[in-house]
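Here is how the chains run, residue by residue.
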Amino acid sequence: MGVQISPSILSADFARLAAECERVAGAADWLHVDVMDNHFVPNLTLGLPVVEALLKVSPIPVDCHLMIDDPDRWAPGYAEAGAKSVTFHVEAVADAVRTARAIRAAGARAAFALKPGTPFPPYADLLPEVDMVLVMTVEPGFGGQSFMADQMPKVREVREAVRRHGGEVWIQVDGGVSAATIEQCAEAGADVFVAGSAVYGAESASTAIGELRALAARHAHP
Ligand code: DX5
Ligand code: ZN
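As a starting point, this report considers the structure included with it.

Cut-off values and rules
Residues numbered from 1 in each chain as written. Chains lettered and ligands numbered in written order. Predicted model: local features only at pLDDT ≥ 70, side-chain atom pairs only at ≥ 80, totals over all residues. Heavy atoms only, no water. Donors = N, O, S within 2.8 Å, 3.2 Å for Na, K, Ca; no water. Helix = DSSP H or I, 4+ residues; strand = E, 2+ residues; numbered from the N terminus. Buried < 20%, exposed > 50% of the residue type's maximum accessible area, 1.4 Å probe, protein only. Pairing = 2+ DSSP bridges. Right-handed = clockwise from strand over helix to strand, strands pointing away. Arc of directions from axis to C-beta. Contact = heavy atoms within 4.5 Å.

**Brief notes about the coordination of the zinc ion (ligand 2)**
Protein coordination at the zinc ion (ligand 2) comes from His 32 (NE2), Asp 34 (OD), His 65 (ND1) and Asp 174 (OD), with a distance range of 2.0 to 2.3 Å. Each donor residue of the zinc ion (ligand 2) belongs to the same chain, and together they define the spacing H-x1-D-x30-H-x108-D. Taken together, the positions of His 65 in strand β3 (residues 62-67) and Asp 174 in strand β7 (residues 170-174) put the pair 109 residues apart, joining distant regions of the chain. For the pair His 65 and Asp 174, one class covers both residues: buried.

**Some details on unusual backbone geometry**
Backbone geometry at Asn 38 places phi at a positive 65 degrees, although glycine is not the residue there. By secondary structure assignment, the location of Asn 38 is in the loop between β2 (31-36) and α2 (48-57). With a relative accessible area of 44%, Asn 38 lands in the partly exposed category. In this structure, Asp 70 takes a positive phi of about 50 degrees despite not being glycine. For Asp 70, the location among the structural elements is in the loop between β3 and α3 (71-81).

**What to know about the pairing of β3**
With respect to burial, β3 is a largely interior element, 6 of its 6 residues being buried. Note: β2 against β3, 6 bridges, orientation parallel. From the neighbouring strand, Met 36 faces β3, where its bridge partner is Met 67. This β-α-β element, β2 to α2 to β3, shows right-handed connectivity. As paired elements, β3 and strand β4 (residues 85-89) share 3 bridges and run parallel to each other. Residue pairing for β4: His 65 is matched across the bridge by Thr 87.

**So, helix α1 (residues 17-25)**
Turning to α1, its buried residues number three or more, namely Leu 17, Glu 20, Cys 21, Val 24 and Ala 25. In an axial view of α1, the angular spread of the buried residues amounts to 145 degrees, which keeps them on one side of the axis. Residues of α1 that are buried sit in contact with β1 (4-7), β2, α2, α7 (197-200) and α8 (205-217).

Right, dumping it as structure tokens:
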């Protein structure tokens, strides 16, 4: 698939979501939607009704990042609504295999996410059940935080495990990804890049996406 860019609408103007979606649609591969419930993370954003509204207007596939408790119960509904990728956190899920299978059965790509303090090895056995692993490069909850370079060894570890596993599992990074930090993520093995403030804070979102894509593309998978 090569490099993919998934702008996060968390940094967009929530009063103009359809227009903000259009702003990136020509250049981005995905629209990243951060669902937060004020329990799993100390912030509250939006839920299924708003995602359903976005799905009606988005010309590009929607990538739902669920930062919520009990994803076992809620995640499949996002896939049934039409999100093409649904990510749950391993710290919140009770039965990761069952939830990943339910997401896939509903027609979406399934992914699990790791908070910065969560190690990857205990979850390596889940690789056959998912299409993507999200390595958080900030503490989930808010946009505009500083990139955590100390997560790069984890990205390498996941890339190595994916190579051993042999399947096509994408590796996504999310948090503080910008022109200054994207190259180290790509070099470590990431291929899907979430960027909120770096895209929506730019004068031209499509130019920012193009720049990010070009920087990441300099680094083939190790
Ligand atoms: C943080 C969210 C991110 C956030 C990234 O919890 O998961 O998707 O929007 O924003 P930036 O790119 O500004 O760090
Ligand atoms: Zn996110």
